[in-house]
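# Coordinate inspection notes
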There are 2 protein chains.
Amino acid sequence: MEDGQAMDQDRVPLELARLWRIPLDSKLGRPARLDVGSVVDAAVALADREGLAAVTLPRVAESLGVTKMSLYRHVGSKDELLDLMRDAANGPVPDSLAGTGPWRERLRLWATEQLRVLEAHPWLAQVPPSGPPSGPNGIDWFDAGLRSLRLTGLDWGAKVGALMIVSGYVTSAAQLAQALAAGREGTGMDQAAAEREYGRAMARLVDPERFPDAAALFGGGLLEDTGEDTGENDFHFGLELLLDGVAAAVAGDE
Amino acid sequence: MEDGQAMDQDRVPLELARLWRIPLDSKLGRPARLDVGSVVDAAVALADREGLAAVTLPRVAESLGVTKMSLYRHVGSKDELLDLMRDAANGPVPDSLAGTGPWRERLRLWATEQLRVLEAHPWLAQVPPSGPPSGPNGIDWFDAGLRSLRLTGLDWGAKVGALMIVSGYVTSAAQLAQALAAGREGTGMDQAAAEREYGRAMARLVDPERFPDAAALFGGGLLEDTGEDTGENDFHFGLELLLDGVAAAVAGDE
DNA sequence: CTCATATAGTATCCTCAAGACACTATCTCG
DNA sequence: CGAGATAGTGTCTTGAGGATACTATATGAG
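Residues numbered from 1 in each chain as written. Chains lettered and ligands numbered in written order. Predicted model: local features only at pLDDT ≥ 70, side-chain atom pairs only at ≥ 80, totals over all residues. Heavy atoms only, no water.

This part covers the packing of aromatic side chains. All chains considered together, the criterion is met by six aromatic pairs over all chains. Ring geometry for Phe 142 of chain A against Phe 218 of chain B: centres 6.3 Å apart, planes inclined by 50°, an arrangement best described as tilted. Residue Phe 142 of chain A is located in helix α8 (residues 136–148), and its partner Phe 218 of chain B is located in helix α11 (residues 212–219); the two belong to separate chains. Owing to a relative accessible area of 3%, Phe 218 of chain B belongs among the buried residues under this scheme. An angle of 15° between the planes, with centres 5.5 Å apart, marks the rings of Tyr 169 of chain B and Phe 235 of chain B as stacked. Highlighted residues: Tyr 169 of chain B in helix α9 (residues 156–183) and Phe 235 of chain B in helix α12 (residues 230–253), separated in sequence by 66 residues. (Phe/Tyr/Trp six-rings, centres within 6.5 Å; stacked < 30°, edge-to-face > 60°. Helix = DSSP H or I, 4+ residues; strand = E, 2+ residues; numbered from the N terminus. Buried < 20%, exposed > 50% of the residue type's maximum accessible area, 1.4 Å probe, protein only.)

Glancing now at the protein's contact with DNA strand D. Close to DNA strand D lie 27 residues; Arg 30, Arg 33, Met 69 and His 74 of chain A together with Lys 68 of chain B are nearest. Close to the protein, within 4 Å, the atoms of DNA strand D are drawn from sugar and phosphate at a rate of 66%. With respect to DNA strand D, the side chain of Lys 78 of chain B contributes an N or O atom lying 2.9 Å from a phosphate oxygen. Mapped by element, the contributors of at least two residues to the surface near DNA strand D are α5 (68–75) of chain A together with α4 (57–63) and α5 (68–75) of chain B. Here the surface near DNA strand D gets five residues from one element, more than from any other, and that element is α5 of chain A. Taken together, the residues of the surface near DNA strand D sort by class into 12 nonpolar, seven polar and eight charged. (Near = heavy atom within 4 Å. Polar contact = N/O pair within 3.5 Å; in protein donor to acceptor, adjacent residues only side chain to side chain. Nonpolar A, V, L, I, M, F, W, Y, C, P; charged D, E, K, R; others polar.)

Attention now moves to the interface of chain B and chain A. Of the residues lining the interface, 58 residues belong to chain B; the matching set on chain A comes to 58 residues. Counting the surface lost from both chain B and chain A, the interface buries some 4,900 Å², and carbon and sulfur atoms represent 76% of this. Contact with chain A buries surface across chain B, with Arg 204, Leu 205 and Asp 213 of chain B losing the most and accounting together for 14% of the total. At the junction of chain B and chain A, the tally comes to two salt bridges. For the salt bridge of Asp 213 of chain B with Arg 150 of chain A, the shortest nitrogen-to-oxygen distance reads 2.6 Å. At the junction of chain B and chain A, the tally comes to eight residue pairs in polar contact (both at pLDDT 80 or more). (Contact = heavy atoms within 4.5 Å. Buried area = accessible area lost by both parts, 1.4 Å probe. Salt bridge = Lys/Arg side-chain N within 4 Å of Asp/Glu carboxyl O.)

What follows covers the protein's contact with DNA strand C. Around DNA strand C sit 29 residues, and of these Lys 27, Leu 57 and Lys 68 of chain A together with Arg 30 and Arg 33 of chain B come closest. For DNA strand C, the backbone portion of the atoms within 4 Å of the protein, that is sugar and phosphate, comes to 66%. For DNA strand C, a phosphate oxygen lies 3.2 Å from a polar atom in the side chain of Tyr 72 of chain A. The contact in question runs from a phosphate oxygen of DNA strand C to an N or O atom on the side chain of Lys 78 of chain A, over 2.9 Å. For the surface near DNA strand C, the secondary structure elements donating two or more residues are α4 (57–64) and α5 of chain A together with α5 of chain B. Among the elements that take part in the surface near DNA strand C, α5 of chain B stands out by supplying five residues, more than any other. Split by residue class, the surface near DNA strand C holds 12 nonpolar, eight polar and nine charged.

A few words on the packing of helix α7 (residues 103–120) of chain B against α9 of chain B. Residues and elements named next belong to chain B. Where α7 meets α9, the axes come as close as 10 Å, and the angle between the chain directions of the two elements is 35°. Considering the relative orientation of α7 and α9, their crossing is right-handed. Residue-level inspection shows Leu 107, Trp 110, Ala 111, Gln 114, Leu 115 and Leu 118 of α7 in contact with α9, the latter providing Leu 163, Val 166, Ser 167, Val 170, Thr 171 and Ala 174. Across the contact of α7 with α9, the residue classes tally to nine nonpolar, three polar and no charged. (Axes fitted to C-alpha atoms, helices over the stretch in contact; angles between N-to-C directions. Left-handed = near helix turned anticlockwise from the far one by under 90°.)

By size, the foremost hydrophobic cluster in this structure holds 149 residues, and its most contacted members are Met 85 of chain A together with Met 85 of chain B. Those residues in contact with Met 85 of chain A that lie beyond four places of it in its chain are Val 40, Ala 43, Val 44, Ala 47, Leu 52, Val 55 and Trp 123 of chain A. (Core = buried A, V, L, I, M, F, W, Y, C linked by side-chain atoms within 4.5 Å.)

The next point concerns the relation of the copies chain B and chain A. Overlay of chain B on chain A (RMSD 0.1 Å): rotation 180°, translation along the axis 0.1 Å. The relationship between the two copies is best expressed as a two-fold rotation axis. Residues of chain B ranked by C-alpha distance from the rotation axis are headed by Gly 245 of chain B, positioned 1.9 Å from it. Interface overlap between copies is the fraction of interface residues in one copy that are interface residues in the other; for chain B against chain A it reaches 98%, indicating a shared surface. (Least-squares fit on C-alpha atoms with pLDDT ≥ 70 in both.)

Here we take up the confidence of the model for chain A. For chain A, the average pLDDT comes to 90, and 92% of its residues sit at 70 or higher. Within the model, the stretch residues 1–9 of chain A combines pLDDT values under 50 with seven contacts to residues more than four positions away or in other chains. (pLDDT = per-residue confidence, 0-100.)

What follows is the structure, given as structure tokens:
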């Protein structure tokens, strides 16, 4: 079809067109100093520097040397800007995910690479989800996830479900880590000290009559300090648990 | 010890004292028309009626017949109010979770009861996480989760990890469902129609050269309409997958 | 009984956000 | 060279969270 490209530009909703950076290439009117890409890049840079809360239209505009209202020509709304930022910050999938291979190891890598992205852009875990992956980078990650499961023989629904679980897990692990870090903001405590403090406060509040299991946990279980990096270990424990679940689905499918 | 109660009131941080509704019982000063409970109840009711975005200090105050600044006497800040709302809306664990029994069935029930709570208070899934469970209801749910795993022989760390995964999964499933529902707001599409529309848009944008697996998915896989309630089925598929993962941990522990 | 003190609620202020709308500036094409 | 289309600006409204200084109302010590 000769109109394939033209159709792309016309029939796709405006929001998707911006996500995919489909140029409108109308040469009329005053030429633009700005484009979607530069607005999004500025917003991402701002979020990286000062956190998601600092990303306001006035401040993004200021960092571009422009007034806030001009941004609306390129992003439509604050919410849409967040979608664009998410896709941009996710970035393309790293080369390590290019090939195919044993699904478990590929899927594990997929998860840990996602975690790396969330560590590089901590605010990313706080951007509220807005639906299935729609942007080019989101699709790239999605494609890589599907590729990691290509050899499993799972049907599409199972693959999609497994990917959503794994990536949801990575996100909530990152969220939790950030919430803990934020909670001990100011107090000069490290992770272990904060956990001890939490355990102590809970031990005082949790009545063993009403909450026997929780009281047992706070009373004794948590206080052993292994000295190792707890967060990392917890993450991998959970990830392997998920992979075991996927393994069961793969096996049950045969 | 005779000073047990007094210690509770003194040594516990103010925020925890409010979560646990520990009365200050100082009889001095002007008597309060408000207390933490009524502020939180009003905020929860408002969120139930009009969503989380409607919960602003002015509006909560208005619904209590009070000016906004008086709320700060009882809740400290907006963020703290959100914490209090979360704990209140979680509510105590339902009776069905009281006993003990086969872990898999108990844990499954724990998850589905959590989902019911999230359906009753849709805004709950959007409240940003603020750390480990700290309020009485949060502890109640936590205790019930630990109880469901009591007979597994898992160590504390594994139990806590498994619970975090399951409850994180329930939350992100609810978040996704809401994002999808919000996305098709206005458009009179049902779930299936919206999915078809999404698949069609993606099929147009996703280049099979760059994204072979994703293109295959959008090209053919998603379009079979089973007619059944997809969301429910997806949720249970994922939950059983997680339970399989926990089962592997339980088995590996022996 | 009365007055210092402690607490509850109020009145007013500030800073800053998102966004509507009408305006000006600058380009291309007929 | 103008007409129309597009980019960017100036100004306004609404409404948020929160600081501060005030008033109101109770208790309990002298």
